[in-house]
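This is what each chain is made of:
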Amino acid sequence: MDNRYKPDELEARIQAEWEQTGAFAVSEDPRREKFYCLSMFPYPSGNLHMGHVRNYTIGDVIARYQRMRGRNVLQPMGWDSFGLPAENAAIENKVAPAKWTKDNIAYMRAQLKRLGFAYDWTRELATCDPEYYRWEQWLFTRLFKKGLVYRKTSMVNWDPVDQTVLANEQVVDGKGWRSGAPVERRAVPQWFLKITAYAEELLAELENLAGWPEAVRTMQHNWIGRSEGVDIEFQVGDESLTVFTTRPDTLMGATYVAVAPEHLLAIEAAEESAALKAFIDECRNVPVSEAAMETMEKRGVDTGIKALHPITGEALPVWIANFVLMIYGSGAVMSVPAHDQRDFEFAKKYQLPIRPVVYPLDGELTLDEAAFTEKGVLRHSGEFDGLSSDEAFVAIAEYLEARGKGRRLTHYRLRDWSVSRQRYWGAPIPIIYCSSCGGVPVPDDELPVVLPEDVAFDETGSPLKHLASFVSTTCPECGGPAERETDTFDTFVESSWYYARFACPDNRDVMLDRRAGYWLPVDQYIGGIEHAILHLLYARFFHKLMRDEGLLKFDEPFTNLLTQGMVLKDGAKMSKSKGNTVDPQAMIDQYGADTVRLFMMFAAPPEQSLEWSDTAIAGAARFLRRFWKLAVNHLSNGKAPGLNKSRLTVAQRALRRQIHETIVKVNDDVGRRYTFNTAIAEVMELINALSRAQDDSAQGRAIMQEGLETGVLLLAPIVPHISDAIYRALGHEEMVINVPWPEVDKSALTREEILLVVQVNGKLRARITVPTDARRDEVEEAALADVNVQRFVANKEVQKVVVVPGRLVNIVVS
RNA sequence: GCCCGGGUGGCGGAAUAGGUAGACGCAAGGGACUUAAAAUCCCUCGGAGGUUUCUCCGUGCCGGUUCGAAUCCGGCCCCGGGCACCA
């Protein structure tokens, strides 16, 4: 064993050994319990950033721990390699997206290897590989035939100068990021996946996802947003205007109706009125994001059109309002200013009538400041007077249903998934447009539809649109001339099923084979909290699509989910624009992989954000050097003698107890809580205690050997290189990755005495040591006997003594 | 705006089920070793007072429940994540 700790040399040597022995390549073994550990794969942006290092270190620690626990562990890695940045690089630096992406992957793969992650690299995949995306094209054509795919128009952000569709992040303050021109909403035909057909299942199964954080389940629950309500028909001329409401009990308080600017009624009304047309045009200058919609000033105009109240027949004004969403419900709402806050504010602004119909069960109804949005009892509602809100909900719904003016239904906030992107660097949507047959899916034997890689970014929009060799084709049905779809898939499509493909990435005949049945579901999924809704919901949806295609047999893809917090520098997210990034590569070069991994796991528990510190990482390096030195010193005295448990001094027994208490603590922290920071702190305390021991007796050295071996094994998942080196120096042949996790010796844990805290009226007044098996009255007696306790108890009446076994005594005095 | 988190020393954090607030580490200060520096080792380290043994205050702010609250409840402030075309 080298006297000095030299991480560069040691890590290179051990990594080479892992590679040569194929240490982390795994295959199905039905006799062993499998464990599939997956970290969210990266977008190959060029360099690993600290968020990746954190994510992948957490995953690697869990994977290595499970391996030491005897599981057959699959931990794969791949590349989410389609997306916007590659196109931006192409435009800015004249590099082809394919080449840019492949170069980035090569560099980042080397970085991951340098960090020593225990990946099965034989399963590596990249989503931009036609052998990967062909299977989502194939599945899409199946879904097309099942009617789970459809085409309709929806709104996009349009940059009128660059003549291109903008992503929400490319819209800055309502303007295009490059051109600076105000964005316009534009209706574009898009392909949709019917995720709403699975809304009920996606919602119901959240209850069963016990291994998911409560926050993520709540967010998805709210996102799906199930609500029970009524579609109500208002008569407008000869037409019927449908509005959805969750509060039919307030129907008698409706004083106007509001429609979205894109609503057919609004568009028709605008044909007659320049003012209405001007308002609708203005509304087109709000970006399509919901945040933009919600924070803009709420405005509206009266169309002059009247809608007849379905019960009273009263003629209510129809307004166009910029906050009514065409994508939600029917694009029209009934407005009840007395009982809806937004309607209330709108009515105040435009002096529309406010008609209260629901009153609180006790107390007065006041509508000076705000609407009364709670449930209550009905008044001024004709035959419904006196009913509670819940009773009125049913009574009014039934009244409307009986007259053909309404129907009860369940509505979801969740919208169908638009998978079309007007971009180049993505998987082509496998559809062919024929003038006589319409949109036709590409037949299986013509898949994959390969994305051409030799394209020019000279013109605006997607280069695919200008590439005749791609666009021109023949109709698979009639054989006539036809054109290919030039939109590509949303990159969330690729990331919705990669976890499954890792089970059988080499199969060229089917999307998934029986190996998926062995490895799936993912036992532990690890990724950023920012993916709590979209990615994780789409992946759950896709899993069910694959299940219903017969490819998988169970319902949910990820049994346990760990959402890791962000890596911050100076309290802010690391980003190039803020100039506060720390390059992980520089840290690896300076300290080695183990130190970087140790600091990442020590600085904060995984779910919290992590504050990067250049000085604190030096502390991690210092600890590893101390650990190394302790082992060197121990070994310099030759081989340690065997342990004889019956011949230990009090101090030796105490140190040995600490060794085994450390195992107990680390088992809980690493195996159950995933609080690696406290596990590391516990091992640090053990190493500190061993360093202080200074016991050269035979049994002292035997305990040192036991302590070092234990420490090394407990840290092996976190710092695998140094652990391997020390473990073998301690006299073992095998690689530490093949050694089982240490066992607790229960006999070492016994104590004769325990420390109790004594409080008087809840304030700490003394600490006492009592025999472990002391009876309650003995404990009370010892507590009252304490000198300092007597100072606070003397001359006072003891009202109560609370004894919490093994913890404290609280004496309550008057 | 809406949904979901978080707020503890100079800093990162610990306190797992309501029971010793500040484990472990960083920084800082003092000391040892050294010609010197680095490295290493030892001591101190929430605030105020007393100065060995102790007291009061203290977990974003205000109030409540409890023998006992960082932890539970109500209200408020601030910071972060998501909001459907960033991934």
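Treat the numbers as computed from the prediction; the structure is a model and nothing was measured. The residue count restarts for each chain, going from 1 along the sequence in the order it is written. Chains and ligands are labelled by the order in which they are written, letters from A for the one and numbers from 1 for the other. It should be noted that, the model being predicted, local features are given only for residues of pLDDT at least 70 and side-chain atom pairs only at 80 or more, the latter also being counted only at that level, while totals for whole chains, interfaces and linings use all residues. Each side-chain value is derived from all of the structure's non-hydrogen atoms; neither hydrogens nor water enter the calculation.

### A short note on the overall build of chain A
Worth spelling out the cut-off: By definition, any uninterrupted DSSP run of H or I lasting at least four residues is a helix, any uninterrupted run of E lasting at least two residues is a strand, and each is numbered from the N terminus. For the exposure calls, accessible area comes from a 1.4 Å probe over protein chains only, and a residue counts as buried if that area is under 20% of its type's maximum, exposed if over 50%, partly exposed in between. We call two residues contacting when some pair of their heavy atoms lies within 4.5 Å. Note on areas: Shrake-Rupley, 1.4 Å probe, and residue coverage restricted to the protein chains presented here. Counted as positive: Lys and Arg. Counted as negative: Asp and Glu. His and the chain ends are not counted at all. All charge positions are set by atom: Lys at NZ, Arg at CZ, Asp at CG, Glu at CD.
If you tally the helices and strands in chain A, you get 26 helices and 34 strands. Principal axes of the C-alpha set define a box for chain A whose edges measure 100 × 85 × 50 Å. For chain A, buried positions account for 54% of its 814 residues. Across chain A, contacts joining residues at least 24 apart in sequence account for 71% of those joining residues at least 6 apart. Per element, the accessible surface of chain A, about 36300 Å² overall, is 49% carbon and sulfur. Placing the 93 positive and 113 negative side-chain charges of chain A at their respective mean positions leaves the two points 6 Å apart.

### Focus: the packing of helix H19 (residues 593-602) against helix H24 (residues 720-729)
The condition is simple: The axes are straight lines fitted to the C-alpha atoms, using for helices just the contacting stretch, and the angles between their N-to-C directions are given from 0 to 180°. Just so you know the grouping, Ala, Val, Leu, Ile, Met, Phe, Trp, Tyr, Cys and Pro go in nonpolar, Asp, Glu, Lys and Arg go in charged, and all remaining residues, Gly too, go in polar.
As a packed pair, H19 and H24 sit with axes 7 Å apart at the nearest point and diverge in direction by 115°. Contacts between H19 and H24 involve Ala593, Asp594 and Arg597 from the first element and Pro720, His721 and Ile722 from the second. Taken together, the residues that form the contact of H19 with H24 break down as three nonpolar, one polar and two charged.

### Structural notes on unusual backbone geometry
The omega angle of the peptide bond from Leu447 to Pro448 is 0°, so this bond is cis rather than trans. Positionally, Pro448 belongs in the loop between strand S22 (438-441) and helix H13 (468-471). Residue Pro521 is bonded to the preceding Leu520 through a cis peptide linkage, with omega at 0°. Within the element layout of this structure, Pro521 appears in the loop between helix H16 (515-519) and strand S26 (522-528). In this structure, Asp173 takes a positive phi of about 50° despite not being glycine. Among the structural elements, Asp173 can be located in the loop between strand S7 (171-172) and strand S8 (175-176). In this structure, Asn795 is a non-glycine residue whose phi angle is positive, near 65°.

### Concerning the confidence of the model for chain A
Quick note on the threshold: You can read pLDDT as the predictor saying how much it trusts each residue, on a scale of 0 to 100.
In this model, chain A carries an average pLDDT of 93, and 99% of its residues clear a pLDDT of 70 or more. With pTM at 0.95, the complex prediction returns an ipTM value of 0.96.

### Things to note about the environment of Phe323
Take Phe323: it is sitting in the loop between strand S14 (315-321) and strand S15 (332-335). Phe323 gets classed as buried once you look at its relative accessible area, which sits at 5%. In this structure, Phe323 is in contact with Met296, Lys298, Arg342 and Phe346, ignoring residues within four places of it in sequence.

### Things to note about the side chain of Arg597
Of note, Arg597 is situated in helix H19. Assessed through its relative accessible area of 0%, Arg597 is described here as buried. When residues no more than four places from it in sequence are discounted, the contact partners of Arg597 are Thr57, Asp60, Arg64, Leu115, Gly116, Phe117, Pro717, Ile718 and Pro720.

### What to know about the pairing of strand S9 (residues 184-193)
Rule in force here: Pairs of strands are assigned from DSSP output, requiring at least two bridges between the strands.
Note: strand S5 (residues 149-159) against S9, ten bridges, orientation antiparallel. Bridge pairing in S9 links Lys152 to Gln190. Relative to strand S19 (residues 417-418), S9 runs antiparallel, the two being bridged by two bridges. Residue Phe192 lies in a different strand from S19, and its bridge partner there is Ser418.

### Focus: the protein's contact with RNA strand B
Which entries qualify depends on this criterion: Think of it this way: one heavy atom of a residue within 4 Å of a molecule or strand is enough to make that residue near it. Distance and chemistry together define a polar contact, namely a pair of N or O atoms within 3.5 Å, with one atom able to donate a hydrogen and the other to accept it when in protein, and with adjacent residues in sequence counting only for side-chain atoms on both sides.
Among the 75 residues in the neighbourhood of RNA strand B, the closest are listed as Arg421, Arg423, Lys665, Arg672 and Asn810. For RNA strand B, the fraction of protein-proximal atoms (within 4 Å) that sit in sugar or phosphate groups is 64%. Measuring from a phosphate oxygen of RNA strand B, one finds a backbone N or O atom of Glu169 at 2.9 Å. Contacts to RNA strand B include Ala603, whose backbone N or O atom sits 2.7 Å from a sugar or linking oxygen. Looking at which element gives the most residues to the surface near RNA strand B, the answer is helix H20 (residues 614-635), with seven residues. Residue composition of the surface near RNA strand B, grouped by class: 27 nonpolar, 22 polar and 26 charged.

### What to know about the sheet that holds strand S33 (residues 798-804)
Spatial strand order, S32-S31-S34-S33: four strands in an open sheet with mixed pairing. On the outer flanks of this sheet lie strand S32 (763-771) and S33, each paired with one strand and no other. The sheet shows a mean angle of 20° between the axes of neighbouring strands, taken without regard to direction. Judged from the six bridges that link them, S33 and strand S34 (residues 808-813) form a sheet pairing that is antiparallel. Its bridge partner being in S34, Lys800 is matched across the sheet by Val812.

### Focus on the pattern of salt bridges
When charged atoms on two side chains of opposite charge get close, those side chains can pair. Which entries qualify depends on this criterion: For this analysis, a salt bridge means a side-chain nitrogen from Lys or Arg found within 4 Å of a carboxyl oxygen belonging to Asp or Glu.
Considering all chains together, one arrives at 57 salt bridges under this definition. Salt-bridge contacts for Arg355 lead to Glu314; the nearest nitrogen and oxygen are separated by 3.0 Å. You can see Arg355 sitting in the loop between helix H11 (341-349) and strand S16 (358-359) and its partner Glu314 sitting in the loop between strand S13 (300-308) and S14, a full 41 residues away along the chain. Here Asp745 and Arg656 are joined by a salt bridge, their closest N and O atoms 2.9 Å apart. You can see Asp745 sitting in the loop between H24 and strand S31 (753-760) and its partner Arg656 sitting in helix H21 (residues 650-673), a full 89 residues away along the chain. Its relative accessible area of 15% is what places Asp745 among the buried residues. Judged by its relative accessible area of 5%, Arg656 falls in the buried class.

### Side note on helix H22 (residues 676-693)
Where we set the bar: Every helix has an expected span of 1.5 Å times one less than the residues it contains.
Compared with the 26 Å implied by 1.5 Å per residue over 18 residues, the 26 Å span of H22 between its first and last C-alpha is a close match. Contacts made by the buried residues of H22 are with helix H2 (50-68), H19, H20, H21 and helix H23 (698-715). Looking at the residues trailing H22, positive phi occurs at Gln694, about 50°.

### Remarks on the sheet that holds S5
As summarised here, the arrangement of the four strands in space is S6-S5-S9-S19, forming an open sheet in which the pairing is antiparallel. A strand with exactly one partner marks an edge of an open sheet, and here the two such strands are strand S6 (164-166) and S19.

### Describing the nonpolar core
Nonpolar side chains in soluble globular proteins tend to end up buried together. Put simply, the rule is: Among buried residues, those of type Ala, Val, Leu, Ile, Met, Phe, Trp, Tyr and Cys that are joined through side-chain atoms within 4.5 Å constitute a nonpolar core.
With 183 residues, the main nonpolar core has Met546 and Trp612 as its most contacted residues. Top contributing element to this core by residue count: H20, with ten residues. Dropping the residues within four chain positions of it, Met546 is found in contact with Leu139, Trp497, Tyr499, Ala500, Met511, Leu512, Leu551 and Leu552. Of all hydrophobic cores here, the second largest spans 42 residues; its members include Met334, Val358, Phe384 and Ala397.

### Some remarks on the environment of Phe676
Residue placement: Phe676 occurs in helix H22. On the accessibility criterion, Phe676 (1% relative accessible area) is buried. When neighbours within four sequence positions are excluded, Phe676 is seen to be in contact with Ile58, Val61, Ile62, Met601, Pro606 and Val670.

### Concerning the side chain of Gln564
Mapping Gln564 onto the fold places it in strand S27 (residues 558-564). Overall, the relative accessible area of 5% leaves Gln564 in the buried class. Among the polar contacts made by the side chain of Gln564, one reaches the main-chain carbonyl oxygen of Gly51 at a distance of 3.3 Å. The residues contacting Gln564, other than those within four sequence positions of it, are Gly51, Arg54, Asn55, Ile58, Ile526, Gly527, Gly528, Ile529, Pro606 and Glu607.

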